[in-house]
Amino acid sequence: MIEEQSSSLLKISEVYELLGSSLDANLLAELKALASNFKNDALHTQNVNRLLRIGIIGQIKRGKSSFLNSLLFNGQDVLPKAATPMTAALTKICYAQQPKALVEFYSKNEWDKVKNLADTAFTKQASYENALLEYQANKAISQKQGVFIAPPVKPVLSDEEKASIELLNMVKSSGLNVAQYLDTTISLDEVNNNDELVDKLNSYVGASGEFTPIVKSTQLHLNIESLRDIEVVDTPGMNDPIISRGRRTQEFIGQCDVVFVLSNSGQFLDQSDMSLLAQNIPNKGIEDIVLIGSLFDGALLDEYHKYPSIQQALPAITTKLNNQAKSNVDKVCNEFSAHQSTEDDNQSHLMSTLQNSLPPIFISSRCYDLAIKPEQSLNEEELHTLNLLNGMFDDFTFNANTFAAVANFTKVTSKLDTVKAKKEQILADRFNNLLIGSKREVKQKLVQIADDVTYKRKNLLEGDVESLAKKQQAVVQRIEAGTVKVNSVFEKYSIQAEKTLTRLLTDISQNAIHVKQVQSQSGSREESYTTSREVSDSSWYNPFSYGSTRTVTSTNYRTVNYTYASVHESVSKLESFVVETSKAIYEVSENAIQLALFKQDIKASIRDMFDFTDDDFDPEMVLMPLNNAVERITIPAVSLDLDTHINTIRQQFSAEQVEGDDIAQLRTEQARVVALLLQDIIVELKQCINQIVEKLAKEQSNFVPSLTKDLVASVEQLKQDLTHKEEVLKGYDDVLQKVNADLATLSTNL
């Protein structure tokens, strides 16, 4: 069955390769890859007695490893948190009576690419620093001469370049001989139990492990009963900055039967999440998706102040997050529906699958840990969360039961048990689901091939090279002449993004004024004090004692009123300021440019240059290249990692409260720390603004050349086709006939 279906899909791609070299090479390559990937995934589905494979996926830093540690390992850090997203490794986990681990290192080619990317980044940085030195040396002279010299622009490094630099720096600091391990896999099997294996594994995947920067993936075989009959895949994040590792993640996802998707509770399934899911899941035939809203404790701390009690806060916040999640998914689905074409079957299926998976299960791995660990064993971060949660309501203190309720892992465990119970049915359906998904993807590619061929065939039938070249040249000239219109759209959105983020900067500065304020409070306490008095020490039986005295002391108590300020409250205000600022920057930057509207305005600016009602004008001449050029536009969302700022805050203060003259000192210190934080945040936010503006400027400079290049390419294609016109026309007709037949067959089988 697998061979038959794989052969059928492969033959489809091979036939189109034979039908003509003038077909789009990228589409042909994608068609061939679909057949190859289907065979690999299908073979996995048919393994006898195979395990149910469960994938844990989501963007980087969504708490995937913490979630699994809580779900499978009772809170134990079996899966250590990576030092950074750059050092996260793909991990497969399954049951074995004798624990062991397999550690796969990068290949030599992959590591060479890491080094090359790092070298490129270092060169960019060195060039910038040299230009900066030259600018600083000439600045004073230029000012005296009344000449303005623009400072050099700081280079914007790609995520992969940043990752490569970090990996190389880690290797240099450890002194590791990388060449010795590349292209190898080692086994860690000389252990007696799970704990020994975890200790040993720390050198390979731990935050400061010697081998961590060169590890690509690991396989853990653990003696844990809950792992029987299942295999769990913990991914490093679908937006992995290391491309080769990201490809391996995609391969593993393709062989998963069930997927748990983790997304931040407060920003559940945002545009970035949905985009990554659309790229990784549609043609994999995965019908069982479990939605998990992670980091619920963060959402609780953000929202609790709106409610009078924890009893009201928990259900109200959960309902609010459920509504937000549904709204986010519906919004993306509606946007998709508005732009849906006949080639979007896969995306449509993904949207309906996600909608059917709502509502998500909101969980807190941190609260799970707090529920099961004694307080004396908590680390600094856990203690800090404990204090924040217990400080929410004056009349409420968390205990193990209430922490467990917030953690909400009972629902997750129940869901996992349901999935396990459905194992046989899931495995039985898996091949058919995969086949259906792959055929949807093939249909999409065939429609794209048909559109491409229809356009080329039309050009070949209706025009010669000279007339088409004139038309294309006229179109190119009109577009180039109208570049001002296109540029005005880019500039409009660039100014809009800059203003939006600058307004945010003003809001942050205003919020900082409130954070600087330290409120003093009045209190009273019982104080003891000692009094003394002289009493006679003479006695009747001792005549020599006459006239002697002794001192008698007594302890008394009094109520003392005093003024104090809470250090804990000051630190909490600072931390809340940092957290809220980070959240605001993320949300505002993501919406600073409405990409869908931006693309619509770009298309409109081009369309306005032409009269689409003119019978002599061929709209396809513009629309197909225009769509291709617009879809190449991407704008990054930015977010700040402010963990270092929170650590700075905690290091400034140690006492719980201060009194008297120390209150003024606390106020001074609070103002100083806020000023430092604000200074750092302003610098980082300005860098974010520059990053978006520079990206828009780059897209602006590339857009028209990219569009006109596509237009000119069709003339070159026509030149080649006209040299043997009848043969090419027959080839195009054969392709269209074949596409129609294949689409009909695939539609019948779906």
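As the structure is a prediction and not an experimental result, all values here were calculated from the model.

About the thresholds
- Residues numbered from 1 in each chain as written.
- Predicted model: local features only at pLDDT ≥ 70, side-chain atom pairs only at ≥ 80, totals over all residues.
- Heavy atoms only, no water.
- Helix = DSSP H or I, 4+ residues; strand = E, 2+ residues; numbered from the N terminus.
- Buried < 20%, exposed > 50% of the residue type's maximum accessible area, 1.4 Å probe, protein only.
- Contact = heavy atoms within 4.5 Å.
- Areas by Shrake-Rupley, 256 points an atom, 1.4 Å probe, with all protein chains shown as cover.
- Polar contact = N/O pair within 3.5 Å; in protein donor to acceptor, adjacent residues only side chain to side chain.
- Pairing = 2+ DSSP bridges.
- Core = buried A, V, L, I, M, F, W, Y, C linked by side-chain atoms within 4.5 Å.
- Salt bridge = Lys/Arg side-chain N within 4 Å of Asp/Glu carboxyl O.
- Phe/Tyr/Trp six-rings, centres within 6.5 Å; stacked < 30°, edge-to-face > 60°.
- Axes fitted to C-alpha atoms, helices over the stretch in contact; angles between N-to-C directions.
- Parallel < 35°, antiparallel > 145°, perpendicular 65-115°, else oblique.
- Nonpolar A, V, L, I, M, F, W, Y, C, P; charged D, E, K, R; others polar.
- Left-handed = near helix turned anticlockwise from the far one by under 90°.

## Quick look at the overall build of the protein chain
Thinking step 1. A count of helical and extended segments in the protein chain gives 24 helices and 12 strands.
Thinking step 2. Across the 750 residues in the protein chain, those meeting the buried criterion constitute 47%.
Thinking step 3. Contacts in the protein chain between residues far apart in sequence, at least 24 positions, make up 84% of those at least 6 positions apart.
Thinking step 4. For the protein chain, the exposed area adds up to about 37,600 Å²; of that, 48% sits on carbon and sulfur atoms.

## Describing the side chain of E303
Thinking step 1. Note on placement: E303 falls in helix α9 (residues 296-303).
Thinking step 2. A polar atom in the side chain of E303 sits 2.9 Å from the side chain of K306.
Thinking step 3. The residues contacting E303, other than those within four sequence positions of it, are I317 and K320.

## Comments concerning the pairing of strand β5 (residues 215-222)
Thinking step 1. Most of β5 sits inside the fold, with seven of its eight residues counted as buried.
Thinking step 2. Pairing of strand β2 (residues 90-95) with β5, which is carried by six bridges, proceeds in the parallel orientation. Note on β5: the bridge partner recorded for I93 is L220.
Thinking step 3. Bridge count for strand β3 (residues 100-105) against β5 is six bridges, and the pairing is antiparallel. The residue bridging A101 from the neighbouring strand is L220, located in β5.

## Quick look at the nonpolar core
Thinking step 1. F67, W111 and F260 are the most contacted members of the largest nonpolar core, which has 80 residues in total.
Thinking step 2. Excluding residues that lie within four positions of it along the chain, F67 makes contacts with I56, F260, L262, I292, I363, S365, F409 and V412.
Thinking step 3. If you look at the next biggest cluster of nonpolar residues, it comprises 37 residues, including V475, I479, L574 and I606.

## Some details on the pattern of salt bridges
Thinking step 1. Counted by the stated rule, this structure contains 15 salt bridges.
Thinking step 2. Between R228 and E225 there is a salt bridge, with the nearest N and O atoms lying 2.5 Å from each other.
Thinking step 3. Since its relative accessible area comes to 53%, E225 is described here as exposed.
Thinking step 4. Note that E382 is salt-bridged to K373, the shortest N-O span being 2.9 Å.
Thinking step 5. Note on K373: relative accessible area 25%, which makes it partly exposed.
Thinking step 6. Taken together, the salt bridges that share partners define one network made up of R53, K92 and E231.

## Quick notes on unusual backbone geometry
Thinking step 1. The residue after L358, namely P359, is reached through a cis peptide bond having omega -5°.
Thinking step 2. Relative to the elements of secondary structure, P359 occurs in the loop between α11 (345-357) and β9 (361-362).
Thinking step 3. Backbone geometry at D183 places phi at a positive 65°, although glycine is not the residue there.
Thinking step 4. Exposure remark for D183: the relative accessible area of 55% places this residue in the exposed category.

## Let's talk about the pairing of strand β8 (residues 288-294)
Thinking step 1. Extensive coverage of β8 is indicated by the burial of six of its seven residues.
Thinking step 2. With seven bridges joining them, strand β7 (residues 258-264) and β8 adopt parallel strand pairing. Across the sheet, the residue bridging to V259 is I289, located in β8.
Thinking step 3. Pairing of β8 with β9 involves two bridges; the strand directions are parallel. Looking at β9, one finds that I292 is bridged to I361.

## Let's talk about the side chain of T212
Thinking step 1. Secondary-structure assignment places T212 in the loop between α6 (194-205) and β5.
Thinking step 2. A residue is classified by how much of its surface remains accessible, and T212, at 2% relative accessible area, is buried.
Thinking step 3. Side-chain polar atoms of T212 contact the backbone oxygen of Y204, separated by 3.4 Å.

## Topic: the packing of aromatic side chains
Thinking step 1. This structure, assessed with the given rule, holds 14 aromatic pairs.
Thinking step 2. Ring centres of F105 and Y204 lie 6.5 Å apart, and the angle between their planes is 50°; this geometry places the pair in the tilted category. Pair noted here: F105 is in strand β3 and Y204 is in helix α6, with a separation of 99 residues, a long-range link. Pair check on accessibility: F105 and Y204 agree, each one buried.
Thinking step 3. Taken together, a centroid distance of 4.6 Å and an interplanar angle of 20° make the contact between F398 and F403 stacked. Taken as a pair, F398 and F403 share a single burial class, namely buried.
Thinking step 4. A network of ring pairs unites the aromatic residues F67, F260, Y368 and F409 as a single cluster.

## So, the packing of helix α12 (residues 365-372) against helix α13 (residues 380-390)
Thinking step 1. Running from N to C, α12 and α13 cross one another at 95°; their axes reach a closest spacing of 10 Å. Compared by their axis directions, α12 and α13 come out roughly perpendicular. Residue-level inspection shows R366, C367, D369 and L370 of α12 in contact with α13, the latter providing E381, E382, T385, L386 and L389.
Thinking step 2. For the contact of α12 with α13, the residue count by class is four nonpolar, one polar and four charged.

## Details of the environment of N690
Thinking step 1. Along the chain, N690 falls in helix α23 (residues 661-722).
Thinking step 2. In this structure, the C-alpha to C-alpha distance between N690 and K154, residues 536 residues apart in sequence, is 9.0 Å.

## Overview of the packing of helix α3 (residues 64-73) against α12
Thinking step 1. Between α3 and α12, whose axes approach to 9 Å, the crossing angle comes to 35°. The chirality of how α3 crosses α12 is left-handed. Counted together, S66, F67 and S70 of α3 and S365, Y368 and D369 of α12 form the full contact between these two elements.

## Brief notes about the sheet that holds β7
Thinking step 1. Pairing within the open sheet is mixed, and its nine strands lie in the order β4-β3-β5-β2-β6-β1-β7-β8-β9. Of all the strands in the sheet, the pair left with one neighbour each is β4 (185-188) and β9.
Thinking step 2. In the sheet, β2 pairs with strand β6 (residues 230-234) via four bridges, with the strands oriented antiparallel. Looking at the pairing, I93 lines up with V232 of β6.

## Quick word on α9
Thinking step 1. With six of eight residues buried, α9 lies mostly within the body of the structure.
Thinking step 2. Residues F296, D297, A299, L300, D302 and E303 constitute the buried set of α9.

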